[in-house]
Amino acid sequence: MKRTIHFLIGWIFLLSLPWAANAAEWHLGKDADGVRVYSRDAADGSIEVKAETTLDVPLASVMALIVDYDAATRWRSEMIKSMKLKDHPNDRTWILQVHAEPPWPLPASDNVIEAVLYAEPEQVVYKYKERPDLQPPGTTSALGAMNGEWILRPAGPQRTKVISVMFMKPSVPVPNWLIKRMVYNTPHEQMLKMGKVVQEPQYRPAAVSPKLKELLAPTLKSAMSVERRASAS
């Protein structure tokens, strides 16, 4: 794997694309504390990193945490110093300004991200992508490209399978010592932090906003139907 390809695997782990048809097989790089982290090279020479775990909280609670941008620095990569909402053009779309400060010798970075939520019967998909066209004058984005998604799937009563996939093709080199940490350790740590913060009272189902519940309705209703059938059998 080329050093330039691995830049910022954990830098802005927010935050995944449909996988390339000719991509390599996933390589399991870390399996600890109920979290698995994989990586693979994409067909265009980029890299994908996938982290997955199952949390003992409802799906709506996990999604409420993901869109609580004021709390981003509490559970996302420690390099994320701020995540501010720039615009909210519709109920399911957010435009975000993200400021990251990775370890030396990497430069600080400011990125504009567009995130869109899709609720399907089987899962919720929260896709995000970099928007260079919205980059404010005078700011610097060190990312060559960043796209990703969070996938949330009901995993039984009060349980949610959480998958985060990130695809990127960076534009600057990164030291080898930082590559090893970012590829597997940062996604692993982020999932563990998410599991702790999402237990807080403000993310309980009763506290989730009616608007967010409405957006998640196709998935939540489907999950309830499955649970009822399972209970009846």
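These numbers were taken from a predicted model, which means no experiment stands behind them.

### A look at the pattern of salt bridges
Okay, so step 1: According to the stated counting rule, one finds 10 salt bridges in the structure shown.
Okay, so step 2: For Glu48, the salt bridge goes to Arg40, with nearest N and O atoms at 3.1 Å. Pair check on accessibility: Glu48 and Arg40 agree, each one buried.
Okay, so step 3: Of the charged contacts in the structure, one is a salt bridge between Arg159 and Asp56, with a shortest N-O distance of 2.7 Å. Residue Arg159 is found in the loop between strand S8 (146-154) and strand S9 (160-168), and its partner Asp56 is found in the loop between strand S3 (47-55) and helix H1 (59-66); the two are separated by 103 residues along the sequence.
Okay, so step 4: Residue Arg159 is classed as partly exposed on the basis of its relative accessible area of 36%.

### Here's the deal with the environment of Leu212
Okay, so step 1: Structurally, Leu212 can be placed in helix H4 (residues 210-232).
Okay, so step 2: For Leu212, a relative accessible area of 7% translates into the label buried.
Okay, so step 3: Residues Leu212 and Val67, spaced 145 residues apart in sequence, show a C-alpha to C-alpha distance of 9.4 Å.
Okay, so step 4: What Leu212 contacts, discounting residues up to four positions off in sequence, is Ala60, Met63, Ala64, Val67 and Leu117.

### Looking at the layout of surface pockets
Okay, so step 1: Each pocket or cavity is described by its volume, and for the second largest pocket that value is around 210 Å³.
Okay, so step 2: Looking at the second largest pocket, it is lined by 14 residues, and the ones nearest its centre are Ala64, Val67, Trp94, Ser209 and Leu212.
Okay, so step 3: At the level of elements, strand S4 (80-90) and H4 are the ones that each hand at least two residues to the lining of the second largest pocket.
Okay, so step 4: If you tally residues by element for the lining of the second largest pocket, the top one is H4, at 3 residues.

### Side note on the packing of aromatic side chains
Okay, so step 1: Inspection of every chain in the model, using the stated rule, returns 3 aromatic pairs.
Okay, so step 2: A ring pair is formed by Tyr69 and Trp94, whose centres lie 6.3 Å apart and whose planes are at 65°; its orientation type is edge-to-face. With a gap of 25 residues between them, Tyr69 in the loop between H1 and helix H2 (72-75) and Trp94 in strand S5 (residues 93-100) connect regions that are remote in the sequence.
Okay, so step 3: Taken together, a centroid distance of 6.1 Å and an interplanar angle of 45° make the contact between Trp94 and Tyr126 tilted. With Trp94 in strand S5 and Tyr126 in strand S7 (residues 124-130), this pair connects stretches of sequence that are 32 residues apart. As far as burial versus exposure is concerned, Trp94 and Tyr126 are alike and both buried.
Okay, so step 4: A network of ring pairs unites the aromatic residues Tyr69, Trp94 and Tyr126 as a single cluster.
Okay, so step 5: Lying across the ring of Tyr38, Lys50 places its NZ or CZ 5.0 Å from the centre.

### Focus: the nonpolar core
Okay, so step 1: One finds Val62, Met63, Ile66, Tyr126, Trp150, Met194 and Leu212 to be the most contacted residues of the largest nonpolar core, which totals 45 residues.
Okay, so step 2: It is H1 that provides the largest number of residues to this core, a total of 7 residues.
Okay, so step 3: Those residues in contact with Met194 that lie beyond four places of it in its chain are Leu55, Val62, Leu65, Ile66, Trp75, Trp150 and Val162.
Okay, so step 4: Of all hydrophobic cores here, the second largest spans 5 residues; its members include Trp26, Tyr38, Ile151 and Val165.

### What to know about H1
Okay, so step 1: Counting buried positions along H1 gives 8 out of 8 residues, so the element sits mostly inside the fold.
Okay, so step 2: Buried residues of H1: Leu59, Ala60, Ser61, Val62, Met63, Ala64, Leu65 and Ile66, and no others.

### Comments concerning the pairing of strand S1 (residues 27-32)
Okay, so step 1: Sheet topology places S1 next to strand S2 (residues 35-41); 5 bridges connect them, and they run antiparallel. What sits directly across from Asp31, in S2, is Arg36.
Okay, so step 2: Between S1 and S2, which pair antiparallel one after the other, the connecting turn spans 2 residues, and Asp33 there sits at a positive phi close to 60°.

### So, the confidence of the model for the chain
Okay, so step 1: On average, residues of the chain score 82 in pLDDT, and 76% of them reach the 70 mark or higher.
Okay, so step 2: Mean pLDDT values for the elements of the chain range from 83 in helix H3 (residues 176-197) up to 97 in H1.
Okay, so step 3: Confidence drops under a pLDDT of 50 for residues 1-22, and excluding neighbours within four residues, the segment shows 102 contacts in the predicted structure.

Parameters at a glance
Residues numbered from 1 in each chain as written. Predicted model: local features only at pLDDT ≥ 70, side-chain atom pairs only at ≥ 80, totals over all residues. Heavy atoms only, no water. Salt bridge = Lys/Arg side-chain N within 4 Å of Asp/Glu carboxyl O. Buried < 20%, exposed > 50% of the residue type's maximum accessible area, 1.4 Å probe, protein only. Helix = DSSP H or I, 4+ residues; strand = E, 2+ residues; numbered from the N terminus. Contact = heavy atoms within 4.5 Å. 1 Å grid on protein atoms, 1.4 Å probe; cavity = no way out; pocket = protein on both sides within 12 Å on 5 of 7 lines; lining within 4 Å. Points joined across faces, edges and corners; volume = space filled by probe spheres on them. Phe/Tyr/Trp six-rings, centres within 6.5 Å; stacked < 30°, edge-to-face > 60°. Lys NZ or Arg CZ within 6 Å of the ring centre and 35° of its normal. Core = buried A, V, L, I, M, F, W, Y, C linked by side-chain atoms within 4.5 Å. Pairing = 2+ DSSP bridges. pLDDT = per-residue confidence, 0-100.

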